[in-house]
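# Observations on the model geometry
Listed below are the residues making up each chain.
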Amino acid sequence: MRKTVSLSLFMATLLASGCSQQADNENKPLETADTQSEIPANPNKDVYFGDTHIHTVLSFDAFLFGTRRTPDDAYEFAKGKSIEHVRGFPMQLDQPLDFLAVSDHAFFLGMMRELSKKEGKYKDHPLSDAVRGATSAEGSSAAFQAVLGYLRGDQAGEIDDRDVMRSTWKEIIDSAERHNDPGKFTTFIAYEYTASGPQAENLHRNVIFRGSTVPDEPFSRLTSTNPEKLWEWMDMQRSAGMDSLAIPHNPNGSNGWMFQTEKFEGGPIDENYADQRMRNEPIVENSQVKGTSDTHPLLSPNDEWADFEIMPYRIGNSMLSTHKGSYVREAMINGLLMEEKNGINPFKFGVIAASDTHNAAGSFEEDNYWSKTGLTDTPAFRRGSVPLPEQEGGESTYATSAGGLGLGVASSFWGASGLAGVWAESNTRDAIFDGMRRKETYSTSGHRIKLRFFGSGDFTNDLMNSKDIISDAYENGVPMGSDLILKEDQSPSFFIWAAKDPSKTSLQRIQIIKGWVEDGEGKEAVIDVACSDGLSVDPDTNRCPDNGATVDLTNCEITPNKGAKELSVVWKDNNFSQDQRAFYYVRVLENPTCRWSTYDAIRAGVQPRPGMKATIQDRAWSSPIWYQPNTW
């Protein structure tokens, strides 16, 4: 059962309850007092867009990439101001963010800045000359390798200066407090826990604190690389009144370690593990500059849109990362299977996206892309999208390996992503943090698509005629991130609404992704449920017809008057079985546009690089709604 409606039917209702409260900080004093209780709350919630993954001069790698922008600079950028890239060009958002968390690496926090000083305790340290030389792409690469040598060996203790860490952590705290402006712009005190396996298997997490009271120093990989130890530390801090949550990122680069079905040090996952993991990391980052971790074509062969911004490597090197155990959709299916077998589910995640910029400024625009790593991936030839300059007039040769140019093999796979969407009662720390904890979150690949998703056993097409759709949806259903409880005679139905980013291209379709357990096996299906341009879903294929939207690769012009400003639907799962565990989430697709690499090629006057995707369909993914069989 489905019914789609036009923009005019309920734009007023939905936008009234779904508009982001953008910061207006001109001539506004920064507030340090917590005035959250004075901020009006919207019970139907607004969506707030932000970034939870930002690196500044205080991160060891960002410093070595040439970044000298501070947490204060990162917050000013998020509020709409222009800041300067290390290459000298301005970086500025097309519109401000609603919230931001600066999340510098905890290990070696502030130490590169300390090593670069010509006076003080570390002025003659063996690393100092290399660190000071990180003012070019070549010097950056040399310094990076020198510092990683300390991390991989027994010398980390030489530059694990906890006094420097604590004083730098205090800088981060003070900056977040200065820029937090309840009701206008929210900051979170945060950092990155940068764990890994023995062969560079990515196990990184961003740790986000709820409030102003935080530990004296962050828990880093220099204390333990076992994420379970991080969760124990977080539980201990929570018992002392300091709540936090951890957000795993880049599972795509984990070589299967992020979603293993056994513990870090071996042994079966048990109920305590599952409870502790879900208590401490309820959401996972499924899109960012270093690729998308929703699913992989080899895991989802019947999903035509699975091959989206796939980065095949582990983080920071050229070793391939296996797809099994590295993608969120598969993990959620494995969680259902584990729950079927032994009643526990350690992978019941919501989703979120972030930039992971190391420039103190997220790069979300395909046509204004400055990538991630400062000196080493600008200008464009350093990220592999245009030929190397020494080949002008001859055969085109593209960057493929590090060499002396500071080039990374992975940067051509990186993308202009991503943004977090959180539904919350107000733009305050408590409200946004609570939205993340209850998983009423979604991710986008960089655009501000608005997305609502509710499930119920009672929704019918009559909901579309409601004068207060969102209130009715909350009253009679559950939002994204929730469990759905059904009566014995019910099947699930879902209300979905999406609206385009006003400054971007139009929407093409809404899809439901369903995962379930059948006869002891995990299954998945991709079902189109709403089409643009007056088209209808083919009941035999569960697909919308092609809406005819194309891109001219010579100038990036798109087909005019194709796509929708808004799509909405009530959809019922007619293939539902009450004895089968299942989850459902939404994917919204835009019309195709040029990828950043094609814009690079056009500016350089060359053809798009062969083998590199020339177009992109930006998208949004909701957190799932879960169903498990009841005992009546």
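Everything below is about the structure printed above this text.
Structural notes, computed from the coordinates. On a predicted model such as this, the values are computed, not experimentally measured, just so you know.

Thresholds, definitions, all that
Along each chain, the written sequence defines residue order, and numbers are assigned to residues from 1. With the structure being a predicted model, the display of local features is reserved for residues of pLDDT at least 70 and the display and counting of side-chain atom pairs for 80 or more, all residues being used for whole-chain, interface and lining totals. No hydrogens and no water enter the side-chain calculation; it runs on all heavy atoms of the structure. Think of it this way: any DSSP run of H or I at least four residues long counts as a helix, any run of E at least two long counts as a strand, and we number them from the N terminus. When a residue's accessible area, from a 1.4 Å probe over protein chains only, is under 20% of the maximum for its type it is buried; when over 50% it is exposed; and in between it is partly exposed. The criterion used for residue contact is that any of the two residues' heavy atoms lie within 4.5 Å. Buriedness of a pocket was judged along seven lines, with at least five required to meet protein on both sides within 12 Å; pockets are open sets of points on a 1 Å grid over the protein atoms alone, cavities are sets where a 1.4 Å probe fits but cannot get out, and lining residues have an atom within 4 Å of a point. Grid points are joined across faces, edges and corners, and a volume is the space filled by probe spheres set on the points. By the convention adopted, Pro, Cys, Tyr, Trp, Phe, Met, Ile, Leu, Val and Ala count as nonpolar, Lys, Arg, Asp and Glu as charged, and the other residues, Gly among them, as polar. Think of it this way: a Phe, Tyr or Trp ring, Trp meaning its six-membered ring, pairs with another when their centres are within 6.5 Å, and the plane angle makes it stacked under 30 degrees, edge-to-face over 60, tilted otherwise. Think of it as a cone above the ring: NZ of Lys or CZ of Arg counts as a charge over the ring if it is within 6 Å of the ring centre and within 35 degrees of the ring normal. In this analysis, strands are considered paired if DSSP registers two or more bridges between them. N or O atoms closer than or at 3.5 Å make up a polar contact, with two conditions inside protein: a donor-capable atom paired with an acceptor-capable one, and, for residues adjacent in sequence, both atoms drawn from side chains. How far a helix is expected to stretch is found by multiplying one less than its residue total by 1.5 Å. For this quantity, the arc is that covered by the directions from the helix axis to the C-beta atoms.

## A look at the environment of Gly522
Within the secondary structure, Gly522 sits in strand β18 (residues 521-531). Using a relative accessible area of 34% as the deciding quantity, one classes Gly522 as partly exposed. With 370 residues separating them in the primary sequence, Gly522 and Arg152 have C-alpha atoms 39 Å apart. Once residues lying within four places of it in the same chain are set aside, the contact partners of Gly522 are Ile333, Leu337 and Trp516.

## Structural notes on empty space enclosed by the protein
Scanning all chains against the criterion turns up eight cavities of 30 Å³ or more. Contributing to the lining of the largest cavity are 14 residues, with Pro227, Trp257, Gln260, Phe264 and Tyr273 lying nearest its centre. Mapped onto the lining of the largest cavity, the elements with two or more residues apiece are α8 (227-239) and α9 (271-280). A per-element tally of the lining of the largest cavity places α8 first, with three residues. Counted by class, the lining of the largest cavity contains seven nonpolar, two polar and five charged residues.

## Some points on the packing of aromatic side chains
This structure, assessed with the given rule, holds 30 aromatic pairs. Centre to centre, the rings of Phe77 and Trp370 are 6.2 Å apart; their planes meet at 80°, and the pair counts as edge-to-face. In this pair, Phe77 is assigned in helix α3 (residues 71-78) and Trp370 in the loop between β10 (350-353) and β11 (419-424), connecting sequence segments 293 residues apart. You can call Phe77 buried: its relative accessible area is 2%. Taking the centre distance of 6.5 Å and the plane angle of 80° together, the rings of Tyr191 and Trp233 count as edge-to-face. With a gap of 42 residues between them, Tyr191 in strand β5 (residues 186-193) and Trp233 in helix α8 connect regions that are remote in the sequence. Like Tyr191, the residue Trp233 is buried in the burial classification. Through successive ring pairs, a cluster of aromatic residues spans Trp169, Tyr191, Tyr193, Phe209, Phe219 and Trp233. When the ring centre of Trp423 is taken as reference, the NZ or CZ atom of Arg452 above it lies at 3.6 Å.

## Digging into the side chain of Thr505
One can find Thr505 in the loop between β16 (493-499) and β17 (507-518). Beyond its immediate chain neighbours, meaning those up to four positions away, Thr505 contacts Lys500, Ile558, Glu590, Asn591 and Thr593.

## Here we look at the pairing of β10
Both faces of β10 are covered, namely the face carrying Gly350 and Ile352 and the face carrying Val351 and Ala353. In this sheet, β10 lies alongside strand β8 (residues 283-288) in parallel orientation, the contact comprising four bridges. Bridging across to β10, Ile283 finds its partner in Gly350.

## Concerning the environment of Val328
The topology assignment puts Val328 in helix α10 (residues 328-342). Judged by relative accessible area, Val328 falls into the buried class, the value being 1%. Taking C-alpha positions, Val328 is 9.5 Å from His296, a pair spaced 32 residues apart along the chain. The contacts of Val328, once residues within four sequence positions are left out, are Pro251, Phe259, Val284, Asn286, Ser293, Asp294 and Val351.

## Observations regarding the side chain of Arg543
For Arg543, the position within the fold is in the loop between β18 and β19 (566-572). Here Arg543 falls in the buried class, since its relative accessible area comes to 13%. A polar atom in the side chain of Arg543 sits 2.8 Å from the side chain of Glu304. Only 2.7 Å separates the side chain of Arg543 from the backbone oxygen of Val526, close enough to count as a polar contact. Apart from the residues within four sequence positions on either side, Arg543 is in contact with Asn302, Glu304, Trp305, Val526, Ile527, Asp528, Ser536, Val537 and Asp538.

## Some remarks on the sheet that holds β10
Reading across from one edge, β9-β8-β10 is the order of the three strands in this open sheet, with mixed pairing throughout. The outermost strands of the open sheet, each flanked by one partner alone, are β9 (291-292) and β10.

## Things to note about the environment of Glu366
Here Glu366 is to be found in the loop between β10 and β11. Distance in space between the C-alpha atoms of Glu366 and Arg205 is 26 Å, their sequence separation being 161 residues. Residues within four places of Glu366 in sequence aside, it is in contact with Ala416, Cys594, Arg595, Trp596, Tyr599, Ile616 and Asp618. In this structure the side chain of Glu366 is engaged in a polar contact, spanning 2.7 Å, whose partner is the backbone nitrogen of Trp596.

## Observations concerning helix α6 (residues 137-152)
Structural remark: α-helix, 3.6 residues per turn; residues separated by three or four positions point the same way. Taking 1.5 Å of rise per residue, 16 residues should cover 22 Å, and α6 covers 22 Å from first to last C-alpha, within 8% of that figure. Turning to α6, its buried residues are Ala137, Gly139, Ser140, Ala143, Phe144, Val147, Leu148, Tyr150 and Leu151. Taken around the axis of α6, the buried residues stretch over an arc of 160°, which confines them to a single face. Seen from the buried face of α6, the exposed residues on the opposite side, beyond 90 degrees, are Gln145 and Arg152.

## Focus: the pairing of β16
Taken residue by residue, a regular strand's side chains alternate between the two faces of the sheet. For β16, the buried fraction is high: seven of the seven residues fall into the buried class. Covered by surrounding structure in β16 are Ser493, Phe495, Trp497 and Ala499 together with Phe494, Ile496 and Ala498, the residues of both alternating faces. Both strand β13 (residues 450-456) and β16 contribute to a ladder of seven bridges, which runs antiparallel. Bridge pairing links Gly455 to Phe494 in β16. Both β16 and β19 contribute to a ladder of seven bridges, which runs antiparallel. Residue pairing for β19: Ser493 is matched across the bridge by Lys572.

## Considering unusual backbone geometry
In this model, Thr378 is joined to Pro379 through a cis peptide bond whose omega is 0°. With respect to the helices and strands, Pro379 occurs in the loop between β10 and β11. Between Ser417 and Gly418 the backbone carries a cis peptide bond, its omega angle lying at -5°. Among the secondary structure elements, Gly418 is positioned in the loop between β10 and β11. One non-glycine residue, Asn250, lies in positive phi territory at about 50°. The topology assignment puts Asn250 in the loop between β7 (244-248) and α9.

Purely geometric stuff here, so don't read any function into it on its own.
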